[in-house]
Amino acid sequence: MRRHFIIIGLTLALIGLPLGVGYATAPCDSFGAPVVMSPYRLRQQRFLTAATRWADAEEAVGLTLDTIARGPQPQSTGAAFRLAEQVGQAAGRLDALTLPEAPAEYSLLALTMQQTTDTYAYAAEQLLTFYGNNDGQALAEARASVALARLALGDLRAGIAGLTYPACREVWRD
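What this report covers is the structure whose coordinates are included nearby. Chains are numbered independently. Their residues run from 1 in the order of the written sequence. Reporting in this predicted model follows two pLDDT cut-offs: at least 70 for local features of residues, and 80 or more for side-chain atom pairs to be given and counted; totals over whole chains, interfaces and linings ignore these cut-offs and use all residues. Remark: hydrogens and water are excluded; side-chain values derive from all non-hydrogen atoms of the structure.

1. Let's talk about the pattern of salt bridges
The line we're drawing: The term salt bridge refers to a side-chain nitrogen of Lys or Arg lying within 4 Å of a carboxyl oxygen of Asp or Glu. Helical segments are the DSSP runs of H or I of at least four residues, strand segments are the runs of E of at least two, and each set is numbered from the N terminus.
Per the counting criterion, the structure on display carries five salt bridges. R157 is the salt-bridge partner of D56, the closest N and O atoms lying 2.7 Å from each other. Here D56, found in helix α2 (residues 39-70), pairs with R157, found in helix α5 (residues 136-163); they are 101 residues apart in sequence, far enough to count as distant. Close ionic contact of R150 with D66 constitutes a salt bridge, the shortest N to O distance being 3.3 Å. Of this pair, R150 sits in helix α5 while D66 sits in helix α2, and the two are 84 residues apart along the sequence.

Next comes the structure, spelled out in structure tokens:
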């Protein structure tokens, strides 16, 4: 009798565990039907997850550059060098970020990611020029570049959101 309950319990666990994991992680399309996880969709999901992590890290660097660019102008050479050092550290973090490898069908997202990085790098370069030469034009260009990079990052996030399938548990709950 006891053996009978163990067999039934194990059978229910073997059936219930995959169903529970599937319910918690399965993506659904806009009609609420589960999406079959083909190798293509799995590769897509991995890229979009990596791109989201990359965008978060890129945004953190961008916020640092924006804070420095919009902050008060240095009143001494020492303050200018300290700000330049902060810009250099942000540029170093920017250089350390590697773009996730995008599948060919996501070349537009990859291009937007590269554009964001290049624009933030240009902003950092212009900030360093400003702190080294006290060139007001370089500061204006840095601020404009940070704003452009922020727009590109917003476009990237919108593209990622448009390609990401919601989890079925979220769709079915509504």
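2. Observations concerning the packing of aromatic side chains
Condition: We call Phe, Tyr and Trp rings a pair once their centres come within 6.5 Å, taking the six-membered ring for Trp, and we label the pair stacked below 30 degrees between planes, edge-to-face above 60, and tilted otherwise. Each residue gets one of three labels from its accessible area relative to the maximum for its type: buried under 20%, exposed over 50%, partly exposed in between, using a 1.4 Å probe on protein chains only.
One pass over the structure, following the stated rule, counts two aromatic pairs. Taking 5.6 Å as the distance between ring centres and 10° as the angle between the ring planes, the aromatic pair formed by F47 and Y106 counts as stacked. Placement of F47 in helix α2 and of Y106 in the loop between α3 (77-96) and α4 (107-133) is noted, with a sequence separation of 59 residues between them. In this pair, the class of F47 matches that of Y106, namely buried.

3. Topic: the side chain of Q44
Just so we agree on the cut-off: What qualifies as a polar contact is a pair of N or O atoms within 3.5 Å, subject to a donor-acceptor requirement within protein and to the restriction that residues adjacent in sequence count only when both atoms come from side chains. Here, residues are in contact when the closest pair of their heavy atoms is within 4.5 Å.
When you line up the elements, Q44 lands in helix α2. A relative accessible area of 6% means that Q44 is categorised as buried. One polar contact links Q44 to Y106, side chain to side chain, over a distance of 2.8 Å. For Q44, the contacting residues outside a window of four places in its chain are Y106, L163 and Y165.

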